[in-house]
Structure formats: structure tokens, C-alpha cells
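Understanding the architecture of this molecule
Below are the chains, spelled out letter by letter.
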Amino acid sequence: MVSDNPAFGCIACGHCMAICPENAVTVNGRTLSESDLFEIPSAEESASFESLYNLLKRRRSVREFKNIEIEEDKINKIIEASSTSPMGIPPSDVNLLIIKGKNKNREFAEDFCSMLEKMKWLVSWWFLAFMRPFWGKSNDELFRGFIKPMINLFTARMREGENLVTYDAPLAIYFYASQYADPADPIIAATTAMYAAESLGLSTCMIGSVHPLIQQGALASKFREKYKIKGKSREGLIVLFGYPAVKYKKGVKRSFCSETTIN
Ligand SMILES: Cc1cc2nc3c(=O)[nH]c(=O)nc-3n(C[C@H](O)[C@H](O)[C@H](O)COP(=O)(O)O)c2cc1C
């Protein structure tokens, strides 16, 4: 509801315009204007639980795509749908890097792997042994058990011509935010984009492995510069999109790690 005394002043959420029964409130400024108002689709026009749940159940991460470009109209729809995402505090601080075409995605992955080749000292035995007392057991285990094998796998396969970073997808979108944004914002936007794409007959795969490795140091900064990435971000996620070259026959039931109810 609209408050007479908002804690943070106007946060450009647009609620006051959207809820006023007389259309008497307009906000101009803070990225908002009257022209941003639209009629809310009726309940009948929107997805039922069953159709939404079926879409959720049909989704699987796909890493093999047909060599078909994604239509501009579909890219626009994905971005438009994703821009409806909620955010910690409006206006949105989420930035999109849209990498169109298989070749550009291959180039992005090759540049990323060349950067990793030069960063291998970060996962050398001497560096990890040196850092362990400073960054603790969990970081040590993360680097030894996940980051080191991942860097080795990406670079070794890329040397053989296989792209395990962006899988030569015809479209990738990197969602990241400013350092002032809630870290969840780009992740929520990426998730919305993923489901929007699924509803358009595309398949997707989220790629979390690039973002953490393009944050720190001079090499990462050069990489961000080349790809016009506006700056560091606390969280970020790439989503790959494409027409699937594989077909799943079955779903696999998932459940959460735990559910605790407090009544
Ligand atoms: C936050 C996040 C990061 C991910 N990062 C990668 C990645 O870097 N590379 C990759 O091949 N898959 C990645 N995935 C896809 C997961 O491996 C995949 O979701 C998981 O295996 C479950 O399969 P499903 O998506 O078909 O249910 C990521 C998924 C999420 C949610």
C-alpha cells in the first residue's frame, strides 16, 4: 500500500500510480512516467497453475543447441518478460550483456579460457597452501574441489576446440548488477528470462562459472572492458538460449534440502 511516510522516500516502485482508482497520481522522474502504466491482463489471460507447473516440469538444462539463430522478436520478448522481475529496491540496477550468435559466444568463451590460462597460478598448490590460513577451510575446499578442476577442464577442452563454457549457444545473456544492488536482483531477472524462453519453445542453461572469475584482478578487468561489462557485481549469471538438439523423455523429481515449518 502507499505510505504517507515512506522510510526511503520515493523508490520509484510505481505502486502509487498503479493502485490509484481515479488515475489521479502520476510520477514523472526516477525512471518512471505516466506512459509506463499498462492494463493488467485478466486472470483468464494469464497462466493457470497447471500450465505454469507443466512449463516448470518441462524445463531441463540443455547444453547442445541446433545451429539456428534466435529470432529478434523472441529475444525482445525474453528481455521484456525478464524486465517485469521484482528487485530489492527499484529502480532496477540490473545490466544485460546480450551476446548474439554462435560465433560471438565461442569468441567470448575463448577469451574467457585465455584469461583462465593466465590465472592458473591462482589454483597452484603453493598459492592454495599459502592462502589456506587466511581464507579458511571452506574456501580452501571450494578452490581445491571445484574451482581448480573446473579451470583445468575448461582450458584443456578449449585447447581441443570444445567449448564447455557457453557450449556455442546461439544466444547468451549475462545478467549482472551494480555493487549497490541486492545480489539476488540479477539472479531473479535471469530466472524470469529462462522461463520466458521456455514458453517460447527455446531451451536454456544457466552458467554460473564465468561470473565469479571475472571480478578480481587486472585480467578480469581487461576482460570486462572488452565486453563492455560496466563493472564488478556481487552476483551475476549467464543464461544460454537455443533450440534444443536433444530431447528429454522423462523428468526427474526434485526436492529441497530441508523444509522447516514454524506454526
Ligand atoms: C546458479 C546456477 C549455475 C549453473 N552453472 C552452470 C555452469 O556453469 N555450467 C553448466 O554446464 N551448468 C550450470 N548450471 C546448470 C546445472 O548444472 C543444472 O541446473 C543442474 O545440473 C540440474 O539440471 P536441470 O537444470 O536440468 O534440472 C547452473 C545452474 C544454476 C542454477
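Residues numbered from 1 in each chain as written. Predicted model: local features only at pLDDT ≥ 70, side-chain atom pairs only at ≥ 80, totals over all residues. Heavy atoms only, no water.

**Details of the pattern of salt bridges**
Condition: Take a side-chain nitrogen of Lys or Arg and a carboxyl oxygen of Asp or Glu: if they are within 4 Å of each other, that pair is a salt bridge. Labels follow the DSSP assignment, with helices taken as runs of H or I lasting at least four residues and strands as runs of E lasting at least two, numbered in each case from the N terminus. Burial status follows relative accessibility: with a 1.4 Å probe on protein chains alone, a residue under 20% of its type maximum counts as buried, one over 50% as exposed, and anything between as partly exposed.
Counted according to the given criterion, the structure contains 13 salt bridges. Between Glu 72 and Lys 100 there is a salt bridge whose closest N-O contact spans 2.9 Å. You can see Glu 72 sitting in helix α3 (residues 72-82) and its partner Lys 100 sitting in strand β1 (residues 94-100), a full 28 residues away along the chain. When its relative accessible area of 42% is taken as the criterion, Glu 72 is described as partly exposed. One connected set of salt bridges, linked through shared partners, spans Lys 104, Glu 107, Asp 111 and Lys 226.

**Describing the pairing of strand β2 (residues 171-177)**
Condition: The pairing criterion is simple: DSSP has to find at least two bridges between the two strands.
In terms of residue burial, β2 counts as a mostly covered element, since seven of its seven residues are buried. What you see with β2 is no split at all: Leu 171, Ile 173, Phe 175 and Ala 177 on one side and Ala 172, Tyr 174 and Tyr 176 on the other are buried throughout. As paired elements, β1 and β2 share seven bridges and run antiparallel to each other. Across the sheet, the residue bridging to Leu 97 is Tyr 174, located in β2.

**Details of the packing of helix α4 (residues 102-118) against helix α5 (residues 125-159)**
This is how it is decided: Only C-alpha atoms enter the line fits that serve as axes; for helices the fit covers just the stretch in contact. Angles between N-to-C directions range over 0 to 180 degrees. Just so you know how the angles are binned, under 35 degrees is roughly parallel, over 145 roughly antiparallel, 65 to 115 roughly perpendicular, and the rest oblique. Helix crossings get a hand from a simple test, with the near helix turned counterclockwise from the far one by less than a right angle marking a left-handed crossing and a clockwise turn marking a right-handed one. Should any heavy atoms of two residues lie within 4.5 Å, those residues are counted as being in contact. The classification used treats Ala, Val, Leu, Ile, Met, Phe, Trp, Tyr, Cys and Pro as nonpolar, Asp, Glu, Lys and Arg as charged, and all other residues, Gly among them, as polar.
At their nearest, the axes of α4 and α5 sit 9 Å apart, and the two run at 120 degrees to each other. With respect to their mutual orientation, α4 and α5 come out oblique. Where α4 crosses over α5, the two elements pack in a sense that is left-handed. Of α5, the residues touching α4 (which contributes Arg 106, Ala 109, Glu 110, Phe 112, Cys 113, Leu 116 and Glu 117) are Ile 151, Phe 154, Thr 155, Met 158 and Arg 159. Within the contact of α4 with α5, the residues separate by chemical class into seven nonpolar, one polar and four charged.

**Details of a nonpolar patch on the surface**
Going by this rule: Each patch is built from residues that are more than 30% exposed by relative accessible area and take part in no salt bridge. Like charges join if they lie within 9 Å; nonpolar side chains (Val, Leu, Ile, Met, Phe, Trp, Tyr) join within 5 Å. Using the Shrake-Rupley algorithm and a 1.4 Å probe, accessible areas are obtained, with residue cover drawn only from the displayed protein chains.
Taken together, Phe 49, Leu 52, Tyr 53 and Leu 56 make up a surface patch of nonpolar side chains, about 390 Å² in accessible area. As for its position among the elements, Leu 52 is in helix α2 (residues 49-58). Among the residues examined, Leu 52 registers a relative accessible area of 41% and is labelled partly exposed.

**What to know about empty space enclosed by the protein**
Just so we agree on the cut-off: Cavity means a closed set of points on a 1 Å grid over the protein atoms alone, one where a 1.4 Å probe fits but cannot get out, pocket means an open set with protein on both sides within 12 Å along at least 5 of 7 lines, and lining means a residue has an atom within 4 Å of a point. Grid points are joined across faces, edges and corners, and a volume is the space filled by probe spheres set on the points.
One pass over the full model with this rule turns up one cavity of 30 Å³ or more. Quantified by volume, the largest cavity comes out at close to 30 Å³. The wall of the largest cavity is formed by Ala 177, Ser 178, Ala 181, Asp 182, Pro 183, Pro 186, Ser 233, Arg 234 and Glu 235.

**Observations concerning α4**
Rules: Helices are assigned an expected span. That span is 1.5 Å times one less than the residue count. Directions drawn from the helix axis to the C-beta atoms are what define this arc.
End to end, α4 covers 25 Å across 17 residues, agreeing with the expected 24 Å (1.5 Å per residue, within 8%). Within the sequence span of α4, burial applies to Asn 105, Phe 108, Ala 109, Phe 112, Cys 113, Met 115 and Leu 116. Along α4, the residues classed as buried sweep out an arc of 155 degrees about the axis, all on the same side. Exposed side of α4, more than 90 degrees from the buried face: Asn 103 and Lys 118 are the residues found there.

**Topic: the layout of surface pockets**
Under the convention used in this document: Source of the domain bounds: an automatic or database domain assignment.
Taken as a whole, the largest pocket encloses approximately 1,400 Å³ of empty space. Considering the residues around the largest pocket, the lining is formed by 36 residues, among which Cys 13, Asp 36, Phe 38, Ser 83 and Thr 84 are closest to the centre. Looking at the lining of the largest pocket element by element, the count peaks at five residues for α3. Its residues assigned to classes, the lining of the largest pocket shows 21 nonpolar, 10 polar and five charged. Residues from two domains meet in the lining of the largest pocket; each of domain 1 (1-41) and domain 2 (59-246) gives at least three. The calculated volume of the second largest pocket comes to roughly 540 Å³.

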